[in-house]
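# Residue-level structural notes
So you can see what is in the structure, the chains are spelled out below.
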Amino acid sequence: MSQSGNRWGRLMVVLGHPGLTEMKRLEEDLSAGIWTLPSFPVVLVTAGENVMTAGAFHFYSFDPPSLMVGIMPDKYTHDLITEHGDFGINIPTVDQIQAVRICGAVSGRDVPDKFARAGLSPFDGLSIKSYLIKECPLNIECKVVHRLAYKGSHQWFVGEIKAVHRDDSYEPDQALMFWGRAYRKVGELLEGV
Ligand SMILES: Cc1cc2nc3c(=O)[nH]c(=O)nc-3n(C[C@H](O)[C@H](O)[C@H](O)COP(=O)(O)O)c2cc1C
């Protein structure tokens, strides 16, 4: 940027940009736009015989039903999803926070049986080769249909849903939320739409 451009930018910060209210400040660190987001559900991703905690997770499409999960390329889970072409999304409840901590702290490269270490038991899916987790009330089998090619810290895998196993007693409000270095419960219901 030119000298005059810089000066203009500084002047805008001092005087305030016309689009900003007096109550708001312009964040210097753009990652504040990520770290100050509200919480997301935290999931246990199963790939092959391994399990990993992930907060980078969202649904992708209703039709075809699909989900997406962001895995950093250095994770063992990344290699396993690539190798198997499928993965499981397992929803832990607030009571399973200790298993979530363990699966997010140790790598399957160092601890071959992370399931046992976390007190979890595997079961076989119908459509995928990767294990699912018995103790989680919701298990979703996904086949990888796309990988986002754009650069970034996480490799996003889009998985088409092939089977869903749901415990009758499961309510989505039992799920565990996580973001900004904090685990939380799902909040209060305000109104249904
Ligand atoms: C709450 C929490 C959320 C996490 N979210 C992600 C994530 O979305 N993507 C990721 O690649 N790693 C995430 N991690 C880190 C991995 O779970 C962790 O590095 C794990 O040990 C990787 O296991 P693996 O090497 O067996 O795949 C998270 C960890 C925690 C505790």
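This text follows the structure it describes.
Here goes a summary of the coordinates provided. (Residues numbered from 1 in each chain as written. Predicted model: local features only at pLDDT ≥ 70, side-chain atom pairs only at ≥ 80, totals over all residues.)

### A short note on the overall build of the protein
The condition that has to hold: Only DSSP runs of H or I with at least four residues qualify as helices, and only runs of E with at least two residues qualify as strands; both kinds are numbered from the N terminus onward. The burial criterion counts other C-beta atoms lying within 10 Å of a residue's C-beta, which is placed from the backbone; the residue is buried at 20 or more, exposed at 12 or fewer, and partly exposed between these limits. Throughout, a residue-residue contact means that the two C-beta atoms, derived from backbone geometry, are no farther apart than 7 Å.
When its secondary structure is counted, the protein shows 5 helices and 12 strands. When the 193 residues of the protein are sorted by exposure, 25% land in the buried category. Sequence-distant contacts in the protein: of pairs separated by 6 or more residues, those separated by 24 or more amount to 63%.

### Here we look at the site of the ligand
Here is the rule we go by: To decide whether a residue is near a molecule or strand, its C-beta atom is placed from the backbone and checked for lying within 6 Å of it. Side-chain classes follow a simple rule in which Ala, Val, Leu, Ile, Met, Phe, Trp, Tyr, Cys and Pro form the nonpolar group, Asp, Glu, Lys and Arg form the charged group, and the remainder, Gly included, forms the polar group.
As a matter of local geometry, the ligand sits amid 21 residues, with Ala56, Thr77, Gly104, Ser107 and Gly108 nearest to it. When contributions to the shell around the ligand are tallied by element, the ones reaching two or more residues are strand S3 (50-54), strand S5 (66-71) and helix H3 (76-84). Among the elements that make up the shell around the ligand, the one with the highest residue count is S3 (4 residues). When the residues that make up the shell around the ligand are grouped by side-chain class, the tally is 10 nonpolar, 9 polar and 2 charged.

### Side note on the sheet that holds strand S2 (residues 43-47)
Put simply, the test is: Strand pairing follows a simple DSSP-based rule, namely that at least 2 bridges must link the two strands. Axes, fitted as lines to C-alpha atoms, cover a helix only where it is in contact. Angles between the N-to-C directions of the axes lie from 0 to 180 degrees.
On the basis of which strands lie adjacent, the open sheet formed by 7 strands has the order S3-S2-S6-S9-S10-S5-S4 and antiparallel pairing. In the strand order of this sheet, the two ends are held by S3 and strand S4 (57-61), each with one partner. Between one strand axis and the next, the sheet turns by 35° as a mean value, whatever way the strands run. Pairing of S2 with S3 involves 5 bridges; the strand directions are antiparallel. Looking across to S3, one finds that Val43 is bridged to Ala54. Taken strand by strand, H3 contacts S2, S3, S5, strand S6 (86-91), strand S9 (138-147) and strand S10 (155-166), and its axis lies near 50° from that of S2.

### Considering the sheet that holds strand S1 (residues 40-41)
Pairing in this open sheet of 3 strands is antiparallel, and the strands run S1-S11-S12 from one edge to the other. Two strands close off the open sheet at either side, each with one partner strand: S1 and strand S12 (182-185). Alignment of strand S11 (residues 176-179) against S12, held across 4 bridges, turns out to be antiparallel. Along S12, the bridge assignment pairs Met177 with Arg184.

### Remarks on the nonpolar core
Note the cut-off: Here, a nonpolar core means buried Ala, Val, Leu, Ile, Met, Phe, Trp, Tyr and Cys residues linked by C-beta atoms lying within 7 Å of one another.
With 30 residues, the main nonpolar core has Val43, Leu44, Val45, Val51, Val69, Phe87 and Cys103 as its most contacted residues. Of all the secondary structure elements, the ones that give two or more residues to this core are S2, S3, S5, H3, S6, helix H4 (97-103), strand S8 (131-133) and S9. No other element matches the 4 residues that S2 contributes to this core. Discounting residues that sit within four places of it in the chain, Val43 has contacts with Ala54, Phe57, Ile89, Asn90 and Ile91.

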